[in-house]
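Descriptive structure summary
Here are the chains, one letter per residue:
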Amino acid sequence: MGSPRAVARETPTRDGTLSGGASKGTVAGAPRSRWMFNFRLGPLLRVIAAFALLHMVGVLHEDGRTLRGIAFLGLVFLILFGPWLVSLVRSLASERAALIREQERAELAAHLHDSVLQTLALIQKRVGDGHEVAQLARRQERELRRWLFEPRSAQVEGSMRAALEEAAAEVEELHGVQIETVVVGDMPIDDRVHALAQAAREAMTNAAKFARCGRVDLYAEVDAGNVEVFVRDRGIGFDPASIPADRRGVRDSIIGRVERHGGRAVVHSAPGEGTEVELAIGTAQA
Amino acid sequence: MSEASGHSRKRVVVVDDHDLFRAGVRAELGDAVEVLGDAGSVEEAVALILRTQPDVVLLDVHMPNGGGVEVIELVAPQLPSVRFLALSVSDAKDDVIAVIRAGARGYVTKTISSAELGDAIARVAEGDAVFSPRLAGFVLDAFARKSEPESADDAELNQLTPREREVLRHIARGYMYKEIAQRLGISVKTVEAHVSAVLRKLQLSSRHELSRWAVQRQLVSFDS
């Protein structure tokens, strides 16, 4: 019968390590002290109860029937170790929570390292090239904003918002313009939305290449199954009726592409008035 | 509106927790306005604003120990004449809407050009609302069409009129007030009146979680 005593002597030690570990976190203090209370007063009572039980049932006598003896030894084990097992499970759970927090922190650190810190390093290297520094900063800002503020759904590839923002980012980087992107609502991408995003990309590219102004506005709205996209610049404009035959961009890549999917594309422009390309597609199934 | 400079230079306080940014704004604004001072925390800002009583406060949405909302809530009861214009790099929709609901007259992003910023300050000082394309997008999202209005009283505050929606959509598309007036065949004053009405609805609307169901709406469209 040495083992229950040994355990009874051991519990305060175990308790000591637990409360010592928890003493760093003040929040965890209250529940821990309750456990300490249990362990300080509890073991003695439990050992006495265990002995009383064993005695009553006769396990302590040599003639005890084995099965009953085993069952009651199990009960004794539970009485003695139950609270400790519960606290063990709890501390494992809190360790796991801490581990998850640590993983999240590491993920955040990794993300900042790959994005913001790299960009800052690049900016320091290219400090002489104002244009490129602005591009770097703007790209980083857009990426960080998306990572911080946008619902997960938008970050998942396959949302209209993600497709449009990606297109805008590509055109910004390729042609060095600033594109102000505003999207209201969102929806999963399908063939029509994909076509619309491609047409919008082409419209932004045209604005960047021909409008001779540094800024383009992109606006998209999803409403009751209809998607509308507007690409606008305040550049030099042109006469839409006189698009040269070799300028296939507007006819094929914008108007044709959208009309093939049952949509509508209109180019509003006049010399000196800037240009706005209006794209619309009904996504509700007919 | 274009008299930002000249005899009626607007008196401005800049509130932002980034020193570099405050210095940048001061430099950019140059002589267009009179910068009375700047502050990097809520307490500093409140003290400075109460002391100098500026026309317009350029207000960062986020700062340590509370952001623009706190500054407005602490100053507005004592100095109702001070106008606030939120100015920020990148914020979540809910935070921007919260600053507007607290009483800011507009929201512009930090990438705005110096001339546009000077113009925005002048407008806000006159009591007009200044909506950047991004704010217009946020507001359209927040007022996204609902399936059924709660009650007749709420409906008026919680919904935009077709005209207001049209004006906001034009702002989101990158049009200036003057251009919107031209396109819709109304006066610039009427455009301003529509924008101010939207601002008022945003501030008075009983729906405290305007933007929450905009998110729900988005989720719904993803489910279907």
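Relevant structure appears above.
Residues numbered from 1 in each chain as written. Chains lettered and ligands numbered in written order. Predicted model: local features only at pLDDT ≥ 70, side-chain atom pairs only at ≥ 80, totals over all residues.

1. Quick notes on the overall build of chain B
For clarity, the threshold we go by: Working definition: helices are DSSP H or I runs of at least four residues, strands are E runs of at least two. Numbering for both runs from the N terminus. To assign burial, the other C-beta atoms lying within 10 Å of each residue's own C-beta are counted, with C-beta atoms placed from the backbone; 20 or more indicates buried, 12 or fewer indicates exposed, and intermediate counts indicate partly exposed. A residue pair is marked as a contact if its C-beta atoms, positioned from the backbone, fall within 7 Å.
A count of helices and strands for chain B gives 11 helices and six strands. Scored against the burial criterion, the 224 residues of chain B give a buried share of 46%. Long-range contacts, defined here as pairs at least 24 residues apart, represent 68% of the contacts in chain B between residues at least 6 apart.

2. Focus: the overall build of chain A
Summing up its helical and strand segments, chain A has eight helices and five strands in all. Along chain A, helices (α) and strands (β) appear in the sequence α-α-α-α-α-α-β-α-β-β-α-β-β when read from the amino end. Within the span of chain A, comprising 286 residues, buried residues form 26% of the whole.

3. Observations concerning the sheet that holds strand 4 (residues 264–269) of chain A
The strands making up a sheet associate through backbone hydrogen bonding, with each pair oriented either parallel or antiparallel. Our working rule: Between any two strands, pairing holds if DSSP finds at least two bridges. The angle between two axes is taken between their N-to-C directions and runs from 0 to 180 degrees, where each axis is a line fitted to C-alpha atoms and a helix contributes only its stretch in contact.
Read across the sheet, five strands follow the order 1-2-3-5-4 (chain A) without closing on themselves; strand pairing throughout is mixed. Unpaired on one side and paired on the other, strand 1 (178–184) and strand 4 of chain A mark the two borders of the sheet. Sheet twist, expressed as the average angle between the axes of neighbouring strands with direction ignored, equals 10°. Sheet analysis places strand 4 of chain A next to strand 5 (residues 275–282) of chain A, joined by six bridges and oriented antiparallel. When the sheet's bridge partners are listed, Arg 264 of chain A is paired in strand 5 of chain A with Ala 280 of chain A. Set on the sheet, helix 6 (residues 133–142) of chain B makes contact with strand 1 and strand 2 (215–223) of chain A; between it and strand 1 of chain A the angle comes to about 10°.

4. A few points about the sheet that holds strand 3 (residues 56–59) of chain B
Residue and element names in this part refer to chain B. Across the sheet, six strands lie side by side as 2-1-3-4-5-6; this open sheet has parallel pairing. In the strand order of this sheet, the two ends are held by strand 2 (34–39) and strand 6 (130–131), each with one partner. Helix 5 (residues 114–125) contacts strand 1 (11–15), strand 3, strand 4 (83–88), strand 5 (106–109) and strand 6 of the sheet and is inclined by roughly 150° relative to strand 4.

5. Let's talk about the packing of helix 8 (residues 162–172) of chain B against helix 10 (residues 188–204) of chain B
Axis angle and axis distance: for two packed helices, these are the angle between their axes and the distance between the axes, and together they describe the pair. Residues and elements named next belong to chain B. For clarity, the threshold we go by: Every angle not falling under 35 degrees, over 145, or within 65 to 115 is termed oblique; those three ranges are roughly parallel, roughly antiparallel and roughly perpendicular. Amino acid classes used here: Ala, Val, Leu, Ile, Met, Phe, Trp, Tyr, Cys and Pro are nonpolar; Asp, Glu, Lys and Arg are charged; the rest, including Gly, are polar.
Orientation of helix 8 relative to helix 10, taken along the N-to-C sense of each, is 100°, at an axis distance of 9 Å. The pairing of helix 8 with helix 10 is recorded here as roughly perpendicular in orientation. Where helix 8 abuts helix 10, its residues Arg 163, Glu 164, Val 167 and Leu 168 lie against Val 191, His 194, Val 195, Ala 197 and Val 198. For the contact of helix 8 with helix 10, the per-class residue count stands at six nonpolar, one polar and two charged.

Shape is all these values report; function is a separate question.
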